[in-house]
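Letter by letter, the chains look like this.
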Amino acid sequence: MRYFRLRFYYLCINPRVSLISPSRSLNSLCCRYLAWWLLLAGAAVLADSPEWRCPEVTSSCSCDIPHTLRCSGNGTETFSTIAGALRSLPPSAAVSLLDVTVQNVFRLTGPLFEGVSLHGLVVSSGDIAQVDEVAFFGLAAPLQALGLPSNALERVPTEALSLLAGLERLDLSHNRIKRLENSSFEGLPNLTFLDLSDNLVTWISANSFSSLLELQVLRLQGNRLRIGPVAALQGLHLLQELDLSSNILAGALGPTALPRLAKLRTLNLSHNQLGSVRRGALAGMDNLTSLAVHHNQIDVLEDHAFRAAGTLVELNLSHNRIIAISGASLAHLSKLQVLDLSHNFLRALTTDLVTPLKRLRELHLDDNDISIVAKHVLDSTNLRRLTLADNPLNCDCSLLDFAHWLANSSLPAPDRASAVCTTPPSLENGPLQEVPPSKLICGALEDSNEPPPPPPPPAPSKVRLHGLQYDGQWLSLLWAVDSPTVYSCDSLLVYEHEALLHSQPLHCNSTLVPDSKRLLVSLPGGVLHTGRSYKFCITLQEAETRALVLGCSDIISLVITTQHINTQPFINTLETNLTSSGAISVAVELSSTTSEACSVGVVVSARGVAVSRRNLTCSAPWATFRGLPRGPYEVCATLRQGSAPHVRCVTVLDRAQATLSVVYSLSFFVFSMVLLLVVYHLMRRLFQRAKPAQHQCFLPLPQPEIDHSRYIKLHATTVL
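On to the pattern of salt bridges. Scanning the model with the defined rule gives 7 salt bridges in all. Close ionic contact of arginine 107 with aspartate 132 constitutes a salt bridge, the shortest N to O distance being 2.7 Å. Of this pair, arginine 107 sits in strand β4 (residues 107-108) while aspartate 132 sits in the loop between β6 (130-131) and β7 (145-147), and the two are 25 residues apart along the sequence. On the basis of relative accessible area, arginine 107 is assigned to the partly exposed category, the value being 40%. A residue is classified by how much of its surface remains accessible, and aspartate 132, at 13% relative accessible area, is buried.

Structure follows, in C-alpha cells:
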C-alpha cells in the first residue's frame, strides 16, 4: 500500500509537465484527482473495510469525493457544530479532508477541531485576517495539509502554524500578505509544498525559507517581487519547482539575478519585465530542465547566455522582442527538445538557430517576421513539430530546399499547413506544401518583354553618423541630425552580422542641448570586441508627429582611435540645497568633460540683486555660498566655452517662505475639500427619491456557489 501511494505521489503530485503546454494545470488537476480516487479505493479494498458513506453532519455539508466533507455556514458556531459531529463518527466513516467555507468570520479562535482526526483542512471566509495561536490545537492526528486561501491575512500566522510540526503542504494563496520575515515559517521542518501566490508580497528576508529544510515546491506568482529580494534568498537546498511569474522582475537575467538552486528542475519567470539574458545566466541551477520566460521584454540573448543551463529540455521564449539569435547564444543547449520562439520578431530561420540543438524535437515559430528559410537548415534535425503560422514567407526559389524537406517530413498535417506564402502576389495565402516546385522561381521579370522599373531613389536620412571614438572601454558616437522639429531620443542599436547584439535606451531632448543638430551618444565597450565589424543605428522620436526617425551607420570595423570628437559640453542639471543656516549648496552636472579650458560661472541673486558670484572649473563644478541675505533666491549657472554660452537658472525659497507656501497649499486643499463635501450633500438632498420597498418573500433565495478547485487541489495532496 505504501508503494502504491508513493508511486502516484511521484506521478501526479509532482508532475513534470511542460510549462509550454497550455493545459498544464488541467492535466495536473485531473491526474491528482484520479490518483487520489484510486488511492482511496485501493485503501478500502486492502483494508477490507465496508464501503465509505458520507456522514450526516449538518444539512449544509456534502461529499463530492470519498472521505472528503465540504461544509458551509455562517459565524464561528459552524466550527463547533462540525467538530462535535465529527468526534462522534465511527472509524469506518472517518473524514480525511474537511473543506469549510464560512461567512462573517474575521478571526479564527480556538481550538477549532480539538479531538478530531483530520489529514487535510481548508478554511476560508474571504474576511479572515487573524488566526489565534491555539486555533489548530488538540487535533487527534497530525495534520498533513492546511489551506487558508482566499482570506484577508496580512501576515503569516506563524504562532498557529508552529503547532503543526507534521505539516507537509501549506496553501496561503489569495491573501494580503506583504512581507515574509526570517521567522515566518519556523516550526515547519517537514513542509514540502508552499503556495503564496496572488498576495501582495514585496519583500522577502534572506532567510525566510531557511527553516524549511524539505521544501520542494514554492509558488510566488502574482505578487510584487523585484530582482533584489529574490536574488538574496538562501536555504532552498532541495527546491525542485519555483514559480515567480506575474511579478515585476525587471532588467537583465544574469548569473546573480536568482539564488543558486542546485536541485531546481522547473522555473517559471513568465509575465515579468526582463529585458535580456546575460552570459552565464541561471548559474548554480545544475539540474534545471524546464524554463519559461515568455511574456517579457527580452530583445537580446547574449553569446553563451545559457552556458550554465546545459540541462534544459524545454525553453519558452515566446511573446518577447527577439529579432535575431546567434549560434553562440544557444550553443550549450545540447539536451533541449522543445523550443518556443513564437510571437517575436525573427526575420529568418537560419542555421545559427538550429545547428546547436542536436536533440530538438519541437520548434514553435508562429507570429514572427520570417520570410527566409536558409538552405539545408533542417536536413540534420529530427523535428516532430514545426509551426510557422503568421509569417510572411517569400515563396521563391530560395525555398525549394525547405519545400522539399516539408513534403517529406513526418510533421503532423496542421504543422505542414502552417507554412503559408505571402509573396509573390500570385502565391499569396497559398500553403507552401501545395505550391508546385515550378512555381518557386526567382527573377520572373527577366523573361518579360518590358524592362523592370528602376528602383526609387533612397530617401535622404535625417540622422547619420558623423564621428566615432573608441578607447577600448567606451565608444562615443557623434550623430548629425537634420530635423527641424523638436525630438527626443529613443534607443541605440548595435548589430553584428545583421543580428541584434545590443539595445540601449536613450534619454535626451533636443531642447536641452546647445546644438540640436549634433547628438553625442556613449556606449560601454564591454559588449564590443576590437577587430570585429558592427553596424550602429539610432532611433529618435519627433515631438510633433510622434514618428520614429531611424539613422544607421555603414558596417564599421572597430579599432581603437586616438582622435577626439569635437563637441561642446552643456549643462545637464543644476541642483541647489538650502541649509538651515542659510547657506546654498550648488552642484552643476555637465554632459561631458574636456581637457580644454572650461569654466562655469554661478551667480546668486536675492530679490533681483546679485549678492554673490563665483567661477568654477568644469572638473569641479560645485560650491557653497554663505552669508546671504534673506531670499527668495535665483541661482544661475553659465557654461563659458566656445562662442555660444549655455545658461540654466533655478529659483530657491528660503525656509520661512517654503513653510508659508506649504501652509497656503494645505489651507487651499482643505477649503476645497470642505466645499466639495457641502456641494455633494446639497446635490444628494436635491435628487434623493424614495425607493419602493422590496418584498423578501418574492426574492429568490441565494444559491451557494461551489468552488471545487481549491479543495480538490488540497484533497489531492493529503495522505489518508
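This next bit is on helix α3 (residues 77-87). Considered for burial, the residues of α3 that qualify are Thr78, Phe79, Ile82, Ala83, Ala85 and Leu86. Across the axial projection of α3, the buried residues extend over an arc of 165 degrees, all falling on one side. Summarising the contacts, the buried residues of α3 are in contact with β2 (68-74), β3 (97-103), β4 and β5 (120-124).

So, about the environment of leucine 383. Along the chain, leucine 383 turns up in the loop between β23 (372-373) and β24 (385-387). With a relative accessible area of 4%, leucine 383 lands in the buried category. Taking the C-alpha atoms as reference points, leucine 383 and arginine 361, 22 residues apart in sequence, are found 4.3 Å from one another. Not counting residues up to four positions away in its chain, the partners in contact with leucine 383 are Leu360, Arg361, Glu362, Leu363, Leu378, Trp405, Ser410 and Leu411.

What follows is about the confidence of the model for the chain. For the chain, the mean per-residue pLDDT works out to 80, and 80% of the residues sit at or above 70. Across residues 1-49, confidence stays below pLDDT 50; counting only partners more than four residues off in sequence or on other chains, it has 69 contacts. Overall, residues 690-720 carries pLDDT values under 50, and its contacts beyond four positions in sequence, including any with other chains, amount to 60 contacts.

Attention shifts here to the environment of isoleucine 370. Take isoleucine 370: it is sitting in the loop between β22 (362-364) and β23. For isoleucine 370, a relative accessible area of 1% translates into the label buried. As for isoleucine 370 and asparagine 391, which are separated by 21 residues in sequence, their C-alpha atoms are 5.3 Å apart.

Taken as a whole and judged by the stated rule, the model has 6 disulfides. Disulfide partner of cysteine 61: cysteine 71, at an S-S distance of 2.0 Å. On the sign convention where negative means left-handed, the S-S torsion of about 115 degrees between cysteine 61 and cysteine 71 marks this disulfide as right-handed. Pair noted here: cysteine 61 is in strand β1 (residues 61-62) and cysteine 71 is in strand β2, with a separation of 10 residues, a long-range link. Here cysteine 397 is linked by a disulfide to cysteine 442, with a sulfur-sulfur distance of 1.8 Å. What sets the handedness of the cysteine 397 and cysteine 442 disulfide is the S-S torsion sign, and at about -100 degrees it is left-handed. Placement of the pair is cysteine 397 in the loop between β25 (393-394) and α7 (400-407) and cysteine 442 in the loop between β26 (421-423) and β27 (463-470), with a sequence separation of 45 residues. Looking at cysteine 397, the relative accessible area reads 29%, which means it is partly exposed. Given a relative accessible area of 40%, cysteine 442 falls into the partly exposed group.

Rules behind the numbers
- Residues numbered from 1 in each chain as written.
- Predicted model: local features only at pLDDT ≥ 70, side-chain atom pairs only at ≥ 80, totals over all residues.
- Heavy atoms only, no water.
- Salt bridge = Lys/Arg side-chain N within 4 Å of Asp/Glu carboxyl O.
- Helix = DSSP H or I, 4+ residues; strand = E, 2+ residues; numbered from the N terminus.
- Buried < 20%, exposed > 50% of the residue type's maximum accessible area, 1.4 Å probe, protein only.
- Arc of directions from axis to C-beta.
- Contact = heavy atoms within 4.5 Å.
- pLDDT = per-residue confidence, 0-100.
- Disulfide = S-S within 2.5 Å.

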